[in-house]
Amino acid sequence: SYWRFIIPFIFTAYASAGWGYFISTIVPPQHGPFIVSLVSFIICGLLGNPSTLANFMDIPVMDIAVSAISISRWAVQMSFLIAYDHMNPDPTDARQKAMLGTYEGVYVVQGETYGHSIGMACIWLFIMGFVLRILSFLGLKFTNRSKQV
């Protein structure tokens, strides 16, 4: 059961590191930590929030954009689906039912199986981390060219 819950954290760390590497190669070192903090807040906190994510997913272009850059859009979906499958929640409080309904509306895709949704999240996070590492390499290659040996 432990391995089911650690998978989202591994993919989150992989994609997050990619964002850190990329930003650190294109901004001055003294500004890097602040900019990474801002970017993380925006792509994880604002774009990945289930209440705002539902609005983005209604617009195809925004859905693709958020899916391509938001780590938490996929990591929270994975964590929710694993916990949902493992715990089988049955809330009794009206507020808890509404919250569960919101999460189900965003993360439980009709017509997709549990494994397919988890697999898609893993693929998106892996691709995101991989592309960010390529962009990091390009950032190293083409910024500060005068300092390269």
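Summarised in this report is the structure supplied together with it. (Residues numbered from 1 in each chain as written. Predicted model: local features only at pLDDT ≥ 70, side-chain atom pairs only at ≥ 80, totals over all residues. Heavy atoms only, no water.)

This part takes up the overall build of the protein chain. Of the regular secondary structure elements, the protein chain holds seven helices and zero strands. Ordering the α and β elements of the protein chain from the N terminus gives α-α-α-α-α-α-α. Taken along its principal axes, the extent of the C-alpha atoms in the protein chain is 65 × 30 × 25 Å. Sorting the 149 residues of the protein chain into buried and exposed places 28% on the buried side. Residue pairs at least 24 apart in sequence account for 74% of intrachain contacts in the protein chain once pairs closer than 6 positions are excluded. Accessible surface, the protein chain: about 9400 Å² in total, of which carbon and sulfur atoms supply 70%. The distance from the centre of the 8 positive side-chain charges to the centre of the 7 negative ones in the protein chain is 21 Å. (Helix = DSSP H or I, 4+ residues; strand = E, 2+ residues; numbered from the N terminus. Buried < 20%, exposed > 50% of the residue type's maximum accessible area, 1.4 Å probe, protein only. Contact = heavy atoms within 4.5 Å. Areas by Shrake-Rupley, 256 points an atom, 1.4 Å probe, with all protein chains shown as cover. Lys, Arg positive; Asp, Glu negative; His and termini not counted. Charge placed at Lys NZ, Arg CZ, Asp CG, Glu CD.)

Across all of its chains, the model carries nine aromatic pairs by this definition. Their ring planes at 70° and their centres at 6.5 Å tell us that Trp19 and Phe22 sit as a pair that is edge-to-face. Placement of the pair is Trp19 and Phe22 together in helix H1 (residues 2-26), with a separation of three residues, close to one helical turn. With relative accessibility at 14%, the residue Trp19 sits in the buried group. (Phe/Tyr/Trp six-rings, centres within 6.5 Å; stacked < 30°, edge-to-face > 60°.)

Before going further, it helps to spend a moment on the pattern of salt bridges. Counted under the stated rule, the structure contains one salt bridge. Linking Arg4 and Asp85 is a salt bridge whose minimum nitrogen-to-oxygen distance equals 3.0 Å. Placement of Arg4 in helix H1 and of Asp85 in helix H5 (residues 71-87) is noted, with a sequence separation of 81 residues between them. (Salt bridge = Lys/Arg side-chain N within 4 Å of Asp/Glu carboxyl O.)

Take the state of the cysteines next. Summed over the entire model, instances satisfying the criterion amount to zero disulfides. Here Cys44 is not cross-linked by a disulfide; its sulfur's nearest cysteine counterpart is in Cys122, at 16 Å. (Disulfide = S-S within 2.5 Å.)

Ranked by size, the top nonpolar core spans 25 residues in total, and within it Trp19, Ile71, Met78, Ile118, Leu125 and Met128 carry the most contacts. Looking at this core, the elements that each hand over two or more residues are H1, H5, helix H6 (94-107) and helix H7 (114-142). Looking at which element gives the most residues to this core, the answer is H5, with seven residues. (Core = buried A, V, L, I, M, F, W, Y, C linked by side-chain atoms within 4.5 Å.)

Turning our eyes to something else, we now look at the environment of Lys147. Within the secondary structure, Lys147 sits in the segment after H7. Remark: the alpha-carbon pair of Lys147 and Tyr21, spanning 126 residues in sequence, is separated by 19 Å.

In the Ramachandran plot, Asn88 falls in the positive-phi region, its phi being about 50° despite a non-glycine side chain. Relative to the helices and strands, Asn88 is located in the loop between H5 and H6. The exposure class of Asn88 is exposed, given its relative accessible area of 61%.

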